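# What the coordinates show
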Amino acid sequence: MSEISIDNRGFVLNIILSPLFIFPAVWLIGITTYIFAMDLSFIFNQNYQVLVLIFFLSNIIFISTYLSLRLNNNGFIIRNNNLYNINLNQNKLKRIKWILTLLALLIIFYNLYNSGLFPFFRIFNYDVIDYYEYGRFKGVLIPLLNIIGLLNIFEKRKLSNLFCLIFVISIFILYLLRGPLILFLFQYFIISIIFKRNQLHPVFKALFLFSIFYGLMVGLGNIRTGNALFMSFFSIKPQYHDMNVGLLWIIMYLATPFSDLITTVQHQTDFLFGISTINDMMPAFIQFEPTEANPTLNFIDGPKTYLAPYFEDFGWIGIICANYIIALICFILKNDSRFYNNFLIVALLYSSVTFIFFTDYFFYFSTIVQFIISMIIFGKIQANQSELNYD
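The structure displayed is predicted, hence computed values, not measured ones.

Time to look at the overall build of the protein. Within the protein, the regular secondary structure consists of 16 helices and three strands. Looking at the 391 residues of the protein, the share that counts as buried comes to 55%.

We now examine the packing of helix α2 (residues 19-37) against helix α3 (residues 48-72). Relative orientation of the contacting elements α2 and α3 amounts to 175 degrees, with a least axis distance of 10 Å. With respect to their mutual orientation, α2 and α3 come out roughly antiparallel. Residues Pro19, Leu20, Phe23, Pro24, Trp27, Leu28, Ile31, Tyr34 and Ile35 of α2 lie in contact with α3, whose contacting residues are Tyr48, Leu51, Val52, Ile54, Phe55, Ser58, Asn59, Phe62, Ile63, Tyr66, Leu67 and Arg70. Classifying every residue of the contact of α2 with α3 by side-chain character gives 18 nonpolar, two polar and one charged.

By the definition in use, this model includes three salt bridges. With its nearest N and O atoms 3.9 Å apart, the salt bridge here joins Asp39 to Lys237. Linking Asp39 in the loop between α2 and α3 with Lys237 in the loop between α9 (227-233) and α10 (245-267), this pair joins segments that are 198 residues apart in sequence. In this structure, Lys304 engages Glu312 in a salt bridge whose closest nitrogen and oxygen atoms are separated by 3.5 Å. The two residues Lys304 and Glu312 agree in class, both being buried.

As a further point, take helix α16 (residues 365-381). Between its terminal C-alpha atoms α16 stretches 24 Å, which fits the 24 Å expected from 17 residues at 1.5 Å a residue. Within α16 the residues assigned to the buried category are Ser366, Thr367, Val369, Gln370, Ile373, Ser374, Ile377, Phe378 and Ile381.

The next thing to look at is the environment of Pro257. In this fold, Pro257 is placed in helix α10. Note: C-alpha distance between Pro257 and Tyr34 (223 residues apart in sequence) is 9.6 Å. For Pro257, the residues in contact, after removing those within four places along its chain, are Met252, Pro303, Lys304, Thr305, Phe357 and Phe358.

With that settled, the discussion passes to helix α7 (residues 178-194). Along an α-helix, residues three or four positions apart point the same way, because every turn accommodates 3.6 residues. The end-to-end C-alpha distance of α7, which contains 17 residues, comes to 25 Å, matching closely the 24 Å that a straight helix rising 1.5 Å per residue would cover. In terms of residue burial, α7 counts as a mostly covered element, since 17 of its 17 residues are buried.

A contiguous nonpolar patch, built from Leu117, Ile123, Phe124 and Tyr126 and spanning about 410 Å² of accessible area, is present on the exposed surface. Relative to the helices and strands, Ile123 resides in the loop between α4 (90-115) and α5 (138-152). With relative accessibility at 43%, the residue Ile123 sits in the partly exposed group.

The subject of this paragraph is unusual backbone geometry. Within the chain, Phe137 stands out as a residue other than glycine whose phi angle is a positive 60 degrees. Considering the arrangement of structural elements, one finds Phe137 in the loop between α4 and α5. You can call Phe137 partly exposed: its relative accessible area is 43%. Its identity is not glycine, yet Leu176 carries a phi of approximately 60 degrees, on the positive side. Mapped onto the secondary structure, Leu176 falls in the loop between α6 (158-174) and α7. Since its relative accessible area comes to 0%, Leu176 is described here as buried.

Let us look at the confidence of the model for the protein. In the predicted model, the protein carries a mean pLDDT of 81, and 79% of its residues have values of at least 70. Here residues 386-391 is modelled with pLDDT under 50, and outside its nearest four sequence neighbours on either side it reaches 12 contacts, counting other chains as well.

Scanning the entire structure with this criterion turns up 33 aromatic pairs. With a centroid separation of 3.9 Å and 5 degrees between ring planes, the pair formed by Phe23 and Phe62 is classed as stacked. Here the residue Phe23 occupies a position in helix α2, and Phe62 occupies one in helix α3, the gap between them amounting to 39 residues. Across this residue pair, the class does not change: Phe23 and Phe62 are buried. One aromatic cluster is present, built from ring pairs that chain together Phe23, Trp27, Phe55, Phe56, Phe62, Tyr66, Phe258, Tyr306 and Phe331. In this arrangement the basic side chain of Arg136 is found over the ring face of Phe137, its NZ or CZ atom lying 5.4 Å from the centre.

Moving on: the side chain of Asp313. Inspection of the secondary structure assignment puts Asp313 in helix α12 (residues 308-314). Among buried charged residues, Asp313 stands out as having no salt bridge; its nearest opposite-charge side chain is Lys304, 11 Å away. A distance of 2.5 Å separates the side chain of Asp313 from the side chain of Thr277, its partner in a polar contact. Apart from the residues lying within four places of it in its own chain, the contact partners of Asp313 are Phe271, Leu272, Phe273, Gly274, Ile275, Ser276 and Thr277.

Attention now goes to the environment of Ser374. Within the element layout of this structure, Ser374 appears in helix α16. When the C-alpha atoms of Ser374 and Leu144 are compared, they prove to be 9.7 Å apart, with 230 residues separating the residues in sequence. If we ignore the near neighbours within four places in the chain, the residues touching Ser374 are Ile147, Asn342, Leu344 and Ile345. Here the side chain of Ser374 touches Gln370 through a polar contact of 2.6 Å, landing on its backbone oxygen.

Conventions and cut-offs
- Residues numbered from 1 in each chain as written.
- Predicted model: local features only at pLDDT ≥ 70, side-chain atom pairs only at ≥ 80, totals over all residues.
- Heavy atoms only, no water.
- Helix = DSSP H or I, 4+ residues; strand = E, 2+ residues; numbered from the N terminus.
- Buried < 20%, exposed > 50% of the residue type's maximum accessible area, 1.4 Å probe, protein only.
- Axes fitted to C-alpha atoms, helices over the stretch in contact; angles between N-to-C directions.
- Parallel < 35°, antiparallel > 145°, perpendicular 65-115°, else oblique.
- Contact = heavy atoms within 4.5 Å.
- Nonpolar A, V, L, I, M, F, W, Y, C, P; charged D, E, K, R; others polar.
- Salt bridge = Lys/Arg side-chain N within 4 Å of Asp/Glu carboxyl O.
- Expected span 1.5 Å × (residues − 1).
- Patch = residues over 30% accessible without salt bridge, like charges linked within 9 Å, V, L, I, M, F, W, Y side chains within 5 Å.
- Areas by Shrake-Rupley, 256 points an atom, 1.4 Å probe, with all protein chains shown as cover.
- pLDDT = per-residue confidence, 0-100.
- Phe/Tyr/Trp six-rings, centres within 6.5 Å; stacked < 30°, edge-to-face > 60°.
- Lys NZ or Arg CZ within 6 Å of the ring centre and 35° of its normal.
- Lys, Arg positive; Asp, Glu negative; His and termini not counted.
- Polar contact = N/O pair within 3.5 Å; in protein donor to acceptor, adjacent residues only side chain to side chain.

In structure tokens form, the structure reads like this:
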């Protein structure tokens, strides 16, 4: 058995890991990046004032809701706020990890049979299907890979740990799933900080993670689109063509969803009344293309931040409700030990709130699948638990 527990190593780290800090921090980074990015490209919506309005509205609602829940919690929302030392049964953990791995392999081999070689092999000039069209059941495969990798953190055998991590990362790369790989690495990083004590300071872990993100943005970005197509697609101004490509990728990755959000807020006229929100919660084979409902809108790319589906459905009321609901979810997952003791759920919480600039991962099909699997298997891998005593 191996024992894990919440690592309350410092006041500053606890503040940084609070959704009350992460949410406005992500918004500040996003809006600052967007204002800077408008000068780099011809393609971005110049009406940043709309984004500033959404920024203030969203943060006022989120912060006020979170604080009110924290100050007035009467036990109705949070049933259990005790932290526990959790003993993991290594035999059960290995067994479940292998079962999940077999399920993942079934999907991988099925896709190889039906869709051919992985999209990665285009680098060797093979005729392969584009990454966004390749394969089936990615909404199940991605959460399976995430959970396998997170369970692997507590694997005691170093060789098995290494092979499993290589397997998970390799599948993401072979599928050219840059976004899901970044989410997985971020979840892995968060769990290693909160639950896995070691000598490496969180700052050094964060720098190492950022360097990996940088490499992924450049490496997989070049394979998927290439630098020339990237410059053309994002209409990078000629004077910035010599700018570091990795930095440009990161800026575009952050700024593009905000531009499409502004376009949505400015020009959305035919509201969908729940269809767009539900659409993200459905598996890909039954989703509809949101632009079909508003064919006159021109978007840069697919993602439009976490708020766009709610505005597409209900306008400004949707934005208000979305921030309220997300604040409620963050508060429950962060403060109710039934969830916060579950390291698999903790990983989902932090990745979802950190990547709100991209899309709404709180109500995303693969997130829902990962949440359900995480709740089921966490109870299976526990040996026993004893309440922590901080007195």
